[in-house]
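# Coordinate inspection notes
So the chains spell out like this:
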Amino acid sequence: MRNKLKEIRALNAFAQKQSVGMQRKLMLYWVSMILVVFAAMILLLPIAGTFSRDDERLREMMEIYLKSTQDHLDSHLETLTAQGLNLSKELSREIEGALVHEGISMQEVNDNPAELLRLQEVVYPLVSKTLQTVNCNGAYAILNATANTGLEVADHSRSGVYLRYSNLSASKPVSPTVVYFRGIPDIARQKDLELHNRWNLEFDIDKIPGCQELMNTPSPRPAESYFWSRRVELRDTWESAMLLCVPVVGSDGTLYGVCGVEISALYFQYSYPIVERQYGSGVTVLAPVQDNRLLLSEGLVGSVSGTYMDGQETLTIHQGRYYNEYDAGDERYIGLHQTMQIPRGEDTIWACAILVPQDSYAAYTAGVQKTWIIAALGVLLALLLLSFFLSRSFVRPIIDSLKRFQQEETLGQGTTSGISEVDELAEFLNLRAQNQRLEQGELPPNIADLFDLFIERKDLLTEAERNILRYYIDGYEVSEIPDLAFISMSTVRKHNQSIYQKLGVDSRDELMLYIDLLRRCGRLQELV
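These remarks concern the structure in this document. (Residues numbered from 1 in each chain as written. Predicted model: local features only at pLDDT ≥ 70, side-chain atom pairs only at ≥ 80, totals over all residues. Heavy atoms only, no water.)

### Observations concerning the pattern of salt bridges
Side-chain pairing between opposite charges can occur once the charged atoms of the two side chains come close. This model, assessed by the stated rule, comprises 14 salt bridges. Lysine 67 is the partner of aspartate 71 in a salt bridge, and the nearest nitrogen-oxygen pair spans 2.7 Å. With aspartate 71 and lysine 67 both in helix H3 (residues 54–102), this residue pair falls four residues apart, about one helical turn. Aspartate 71 sits in the partly exposed class, given a relative accessible area of 37%. In this structure, arginine 221 engages glutamate 224 in a salt bridge whose closest nitrogen and oxygen atoms are separated by 3.2 Å. Across the pair, glutamate 224 and arginine 221 agree in class, each one exposed. Via salt bridges that share partners, Glu102, Glu115 and Arg118 belong to a single interconnected network. (Salt bridge = Lys/Arg side-chain N within 4 Å of Asp/Glu carboxyl O. Helix = DSSP H or I, 4+ residues; strand = E, 2+ residues; numbered from the N terminus. Buried < 20%, exposed > 50% of the residue type's maximum accessible area, 1.4 Å probe, protein only.)

### A look at the state of the cysteines
Applying the stated rule across the entire model yields zero disulfides. The cysteine cysteine 245 is free of any disulfide, with cysteine 211 supplying the nearest cysteine sulfur at 5.2 Å. (Disulfide = S-S within 2.5 Å.)

### Some details on the packing of aromatic side chains
Two measures describe an aromatic ring pair: the distance that separates the ring centres and the angle between the ring planes. In the structure shown here, the tally under the stated rule is eight aromatic pairs. Both rings, one in tyrosine 162 and one in phenylalanine 203, keep their centres 5.6 Å apart while their planes meet at 10°; by these two values the pair is stacked. Taken together, the residues span a long stretch of sequence, with tyrosine 162 in strand S3 (residues 160–165) and phenylalanine 203 in strand S6 (residues 203–204) at a distance of 41 residues. Overall, the relative accessible area of 4% leaves tyrosine 162 in the buried class. Assessed through its relative accessible area of 4%, phenylalanine 203 is described here as buried. One aromatic cluster in this structure is built from Tyr140, Tyr162, Phe181 and Phe203. Directly above the aromatic system of phenylalanine 181 lies the positively charged group of arginine 164, at a separation of 5.4 Å from the ring centroid. Taking NZ or CZ as reference, arginine 182 lies 4.0 Å from the ring centre of phenylalanine 181, over its face. (Phe/Tyr/Trp six-rings, centres within 6.5 Å; stacked < 30°, edge-to-face > 60°. Lys NZ or Arg CZ within 6 Å of the ring centre and 35° of its normal.)

### Concerning the nonpolar core
With 67 residues, the main nonpolar core has Leu91, Ile95, Leu163, Trp228 and Leu286 as its most contacted residues. Looking at this core element by element, the count peaks at 13 residues for H3. In this structure leucine 163 touches Tyr124, Val127, Ser128, Leu131, Asn137, Gly138, Ala139, Val178, Val179, Tyr180 and Leu193, once residues within four positions along its chain are discounted. By size, the runner-up hydrophobic cluster in this structure holds 22 residues, among which are Tyr472, Ile473, Ile481 and Leu503. (Core = buried A, V, L, I, M, F, W, Y, C linked by side-chain atoms within 4.5 Å. Contact = heavy atoms within 4.5 Å.)

In short, the description is geometric, and any link to function would need to be established separately.
This is the structure:
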């Protein structure tokens, strides 16, 4: 394992000594600069909101929730309407039976408290059953008769039974506690019911928009003339509600009254709680749309917890690309709405809407944008540092090498700049300088010492050996020397061995190399 580590360190050291091409370093430098520019663009894009898909995601979420809520509302209202029509049918049968049994007409019930009590005793079980079996918080039956036709309010005062739930809560929207809101108190005593704190003997049908007209319609057909009222204030209370109004008609076309169910504003809030999302609190709205305005005061609003909405606003609608803006003046909301068909006695367009406070959404998007900006700044800073490092590592070796060249210095043995082109230039300049010095008779210190030692050893030669050496200096071959010196070849060879030994060379070739180098340096005369 230790040997492996040594090998890895050795390879790493070798790799660090290798030069990298200037083109590659320049390419790396430019890539880093391009990345810096790219990171700067990335930093600007989140600031401009380009990368944000929050608007699209918000729209997708709202579309899904709006569709689900609208389907639920459609089903809810259709069920209540069907129950209201069924209640009208049963009331019509029971009231007609009671009148036939007594041998009187509906008109003769006026100013007759006993008959009114008997009719209320007939309608009470049906109203109570409807309240307990239908998803609502109130049910009623209004008889087309009054206890006293001599009163000033007799034209819009009608007897009947109205039952409501009294203690609604978010955890239990429909409570078993029933209170007696309208009707003769004898019924409440018989059924052991508590009177509502705003109990009244009779209904004021003027407080129910469209009810008076329905009472005055000749022979109305329940399935064609029922309607849902806009939100109305319940008389003498702080509560408001939407009411389903269905005519109760006898077999002979006599109008016995009006019946229906109630969805109060409080009940609607508990039935449609706030939807908490990362974008903010989503509020469910069912309200009329008129002149590009959403009339919350005439519709119902779900839970408004976490918002400043009070359910009385008139919201001006501004169409947007992904969602709409709903302007309430002091407050603005964003969301979507979809029109719904709710039967009424007049032409009114209703809409189901999902609204989110614009401030909540703006705070969320600002947080997301801040995260993007911080991340982009981090990337930009890292790339700037990388660019600075690469710039220094690329430029500094070049500058250092140029300074050496200007000072006529050469790179020492084993010293490199790390850039192959610069190292090759330095090697070329070093070689060129050496050649120039050789031509000028200059030698490196170690070569000069070697030549000095070679020249000093010539003094060890005998006169005969010097003559042989002189022949070599003059360029003669070994074969020519016996004739020139008048000696045998064996003697020449003997002198050669002695010359090589005394001058410190191993062969004639090495000897001739010294002679040639000394001639180049202009020191050959010293040898002679």
